[in-house]
Amino acid sequence: MVMFTTRSLAKSMSSHIVALIVCRPEGLLTCGLRIHVTFITREGDQVHIDAAEGDNLLDVAQAHDLDMEGACGGSCACSTCHVIVDPEFYDLIPEPDDDENDMLDLAFGLTETSRLGCQVKLTKELDGLRVALPQMTRNLQAKDFEKR
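Along each chain, the written sequence defines residue order, and numbers are assigned to residues from 1. Reporting of local features is limited, given that this is a predicted model, to residues whose pLDDT is at least 70; pairs of side-chain atoms are given and counted only at 80 or more, and all residues count toward the totals for whole chains, interfaces and linings. With hydrogens and water stripped out, all remaining heavy atoms of the structure feed into the side-chain values.

Labelled according to an unreviewed UniProt entry, the protein chain appears under the name 2Fe-2S ferredoxin-type domain-containing protein, originating from Lipomyces starkeyi NRRL Y-11557. Note on the protein chain: under the UniProt heading Cofactor (unreviewed entry), the record states "[2Fe-2S] cluster". A UniProt comment under Sequence similarities (unreviewed entry) is attached to the protein chain, and it reads "Belongs to the adrenodoxin/putidaredoxin family." UniProt positions are given in the numbering used here, feature names are shortened, and annotations may be inferred rather than shown by experiment.

Here it is in structure tokens:
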């Protein structure tokens, strides 16, 4: 991961923007403003991460070797990326759609502030977000309920 300030990117610009940009080796399409996220692990440890605006929680967790499975690859077809969002931030996240709600119904330890990590996109309003990983996950996927 490469980190640099916008001032170093735009020396010729007259503005004095001092924002941290987070870029990954994959390229500039994954760059964005730095968003602070704290994951609370199953063991109760707090892991502080600086992520890029636009990333989702599943990708951030997996990029930092946190124990979040994402069995469906982030396609909103399982509940293995279930997170419990700090109530202070829950209303700042767009409401879950029907597909996410269907998968959340399968999640272990569902709470009023549960979300799927693959569906929570980081925005500047979520800077400082805290999410807890539930004690367990269930690997039930949408395909498990298809008629055969």
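## Remarks on a negative patch on the surface
Nonpolar side chains (Val, Leu, Ile, Met, Phe, Trp, Tyr) within 5 Å and like charges within 9 Å form the patches, drawn only from residues with over 30% relative accessible area and no salt bridge. Calculation of accessible area relied on Shrake-Rupley with a 1.4 Å probe; when residues are assessed, cover is drawn exclusively from the protein chains displayed. Basic side-chain nitrogens of Lys or Arg form a salt bridge, by our definition, when they fall within 4 Å of a carboxyl oxygen of Asp or Glu. Charged residues are defined narrowly, with Lys and Arg counted positive, Asp and Glu counted negative, and His plus the chain ends left uncounted. Charged side chains are reduced to one point each, which is NZ for Lys, CZ for Arg, CG for Asp and CD for Glu. On the surface, Asp97, Asp98, Asp99, Asp102 and Asp105 cluster together into a patch of negative charge. Helical segments are the DSSP runs of H or I of at least four residues, strand segments are the runs of E of at least two, and each set is numbered from the N terminus. By secondary structure assignment, the location of aspartate 97 is in the loop between α3 (87-90) and α4 (98-104).

## Let's talk about the state of the cysteines
Here a disulfide denotes one covalent bond, and it connects the sulfur atoms of two cysteines. When two cysteine sulfur atoms are found within 2.5 Å, that pair is recorded as a disulfide. Summed over the entire model, instances satisfying the criterion amount to zero disulfides. Lacking any disulfide linkage, cysteine 81 is separated from the closest cysteine sulfur, that of cysteine 118, by 3.7 Å. Each residue gets one of three labels from its accessible area relative to the maximum for its type: buried under 20%, exposed over 50%, partly exposed in between, using a 1.4 Å probe on protein chains only. Overall, cysteine 81 belongs to the buried group, its relative accessible area being 1%.

## Overview of the pattern of salt bridges
Applying the stated rule across the entire model yields four salt bridges. With a shortest N-O distance of 3.7 Å, arginine 130 and aspartate 86 are connected by a salt bridge. Residue arginine 130 is located in strand β7 (residues 129-132), and its partner aspartate 86 is located in the loop between β5 (82-85) and α3; the two are separated by 44 residues in the primary sequence. Owing to a relative accessible area of 29%, arginine 130 belongs among the partly exposed residues under this scheme. A salt bridge links glutamate 100 to arginine 115; the shortest N-O distance between them is 2.7 Å. With a gap of 15 residues between them, glutamate 100 in helix α4 and arginine 115 in strand β6 (residues 114-116) connect regions that are remote in the sequence. Each member of the pair, glutamate 100 as well as arginine 115, carries the same accessibility label: buried.

## A closer look at the pairing of β7
Of the two faces of β7, only one is covered, namely that formed by Leu129 and Val131; the face formed by Arg130 and Ala132 stays uncovered. Two strands pair when backbone bridges link them, and β5 and β7 are joined in this way by two bridges, in the antiparallel orientation. Bridge pairing links valine 85 to valine 131 in β7. Whether two strands pair comes down to DSSP finding at least two bridges between them.

## Concerning the environment of threonine 137
With respect to the helices and strands, the residue threonine 137 is situated in the segment after β7. Residue class for threonine 137 comes out partly exposed when judged on its relative accessible area of 28%. When the C-alpha atoms of threonine 137 and threonine 80 are compared, they prove to be 5.4 Å apart, with 57 residues separating the residues in sequence. Contacts: residue pairs with any heavy atoms within 4.5 Å of one another. Leave out the neighbours within four places in its chain, and threonine 137 touches Arg42, Glu69, Thr80 and Phe108.

## Description of the nonpolar core
Note on terminology: a nonpolar core comprises buried Ala, Val, Leu, Ile, Met, Phe, Trp, Tyr and Cys residues joined through side-chain atoms within 4.5 Å. If you look at the biggest cluster of nonpolar residues, it comprises 29 residues, and the most contacted ones within it are Phe39, Leu57, Met68, Val85, Leu122 and Leu129. Elements that contribute at least two residues to this core include exactly β3 (27-40), β4 (46-52), α2 (57-63), β5, α3, α4 and β7. The greatest single-element share of this core, amounting to four residues, is contributed by α2. Not counting residues up to four positions away in its chain, the partners in contact with phenylalanine 39 are Asp45, Gln46, Val47, Ile49, Leu57, Val60, Ala61, Leu66, Met68, Val131 and Leu133.

## Here we look at unusual backbone geometry
Despite not being glycine, aspartate 65 shows a phi value in the positive range, around 60°. Structurally, aspartate 65 can be placed in the loop between α2 and β5. Overall, the relative accessible area of 72% leaves aspartate 65 in the exposed class. For cysteine 76, which is not glycine, the phi torsion reads 60° and is therefore positive. With respect to the helices and strands, cysteine 76 occurs in the loop between α2 and β5. Since its relative accessible area comes to 12%, cysteine 76 is described here as buried.

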